[in-house]
Each structure stands twice: as structure tokens, then as C-alpha cells.
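As a plain string of letters, each chain reads:
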Amino acid sequence: MHEGAVCREILLIAARAAQQHGIRSITGITLAVGAQTCVNPAQLQFFFEVAKQGTQAAHAVLTIVQDETIVGAQQEFVRAIEGD
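Residues numbered from 1 in each chain as written. Predicted model: local features only at pLDDT ≥ 70, side-chain atom pairs only at ≥ 80, totals over all residues. Heavy atoms only, no water.

Let us look at the overall build of the protein. When helices and strands are tallied, the protein shows two helices and three strands. Ordered by position from the N terminus, the helices and strands of the protein form the series α-β-α-β-β. For 84 residues, the compact-globule estimate of 2.2 N^0.38 gives 12 Å, and the protein sits close to it at 12 Å. With the C-alpha coordinates of the protein rotated into their principal frame, the extents come out at 35 × 25 × 15 Å. Looking at the protein alone, contacts between residues at least 24 apart form 81% of all its contacts between residues at least 6 apart. Entry remark: accessible area of the protein is about 5,100 Å², with carbon and sulfur atoms responsible for 56%. (Helix = DSSP H or I, 4+ residues; strand = E, 2+ residues; numbered from the N terminus. Rg over C-alpha atoms; globule rule 2.2 N^0.38 Å. Contact = heavy atoms within 4.5 Å. Areas by Shrake-Rupley, 256 points an atom, 1.4 Å probe, with all protein chains shown as cover.)

By secondary structure assignment, the location of Thr30 is in strand β1 (residues 26–33). Those residues in contact with Thr30 that lie beyond four places of it in its chain are Thr63, Val65, Phe77, Val78, Arg79 and Ala80.

By the secondary structure assignment, Asp67 is in the loop between β2 (61–66) and β3 (76–83). Residue classification places Asp67 among the buried residues on the basis of a relative accessible area of 12%. Sequence-distant contacts of Asp67, defined by excluding residues within four places in its chain, comprise Ala32, Val33, Gly34, Ala35 and Arg79. (Buried < 20%, exposed > 50% of the residue type's maximum accessible area, 1.4 Å probe, protein only.)

Another point: helix α1 (residues 2–20). Because each turn of an α-helix spans 3.6 residues, side chains separated by three or four positions end up pointing in the same direction. Look at α1: 27 Å from first C-alpha to last across 19 residues, which is about the 27 Å you get at 1.5 Å a residue. Restricting attention to buried positions, one finds in α1 the residues Glu3, Gly4, Val6, Cys7, Ile10, Leu11, Ala14 and Ala18. Projection of α1 onto a plane perpendicular to its axis shows the buried side chains occupying an angular sector of 160°, all on one side. Relative to its buried face, α1 has exposed residues pointing more than 90 degrees away, namely Arg8, Gln19 and Gln20. Summarising the contacts, the buried residues of α1 are in contact with β1, α2 (41–51) and β3. Phi turns positive one or two residues past the end of α1, at Gly22, with a value near 70°. (Expected span 1.5 Å × (residues − 1). Arc of directions from axis to C-beta.)

Attention shifts here to the environment of Ala5. Within the element layout of this structure, Ala5 appears in helix α1. Each C-alpha atom, one on Ala5 and one on Asp67, is 21 Å from the other, the two residues being 62 residues apart in sequence.

On inspection of all chains with the given rule, the structure shows one aromatic pair. Judged by centre distance (5.7 Å) and plane angle (75°), the ring pair of Phe46 and Phe47 falls under edge-to-face. Residue Phe46 is classed as exposed on the basis of its relative accessible area, which comes to 54%. (Phe/Tyr/Trp six-rings, centres within 6.5 Å; stacked < 30°, edge-to-face > 60°.)

Below, the structure is given as C-alpha cells:
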């Protein structure tokens, strides 16, 4: 169930970045995950579809990419956001 908390954090990070860069509508978010991540990609996608409703990321696509160079305790990073 921690995918819900991870998803909320992803949306908060994306919203802050969008505000800093003048993006009104977020169309894509790329999340990099390490080999030791405890996040289930299918569950994260499910939570993302629910959590994004009513936000500036309502039409965004979440792309999850495996990154073997990520080491340490934190295994997930918002790598990029796209928008208009």
C-alpha cells in the first residue's frame, strides 16, 4: 500500500517543478527506479491513475524506467516531467 504514498510524493514533486518552470498542464512524468525498489509498478500505475484526477497532471502518463545505477536507501527518483 505504500505505493499510494509514493504516488502522492511523485505528484507533489511534479507540481513543484511545474510551478518553477511555468508548466500549466503536466503531460508526462518519468520515474526512475533502482534494482532494490520495493515499489510494485502495476500498483503504482493504479494509484497514479486515481491520484492524478483533479490535478494539473490529470492527463499525464507515468513512465517507469529501471535504472541499475541507483544505489542506496532511496530507490525512486522523478527523473523528468513534461507539459505545456
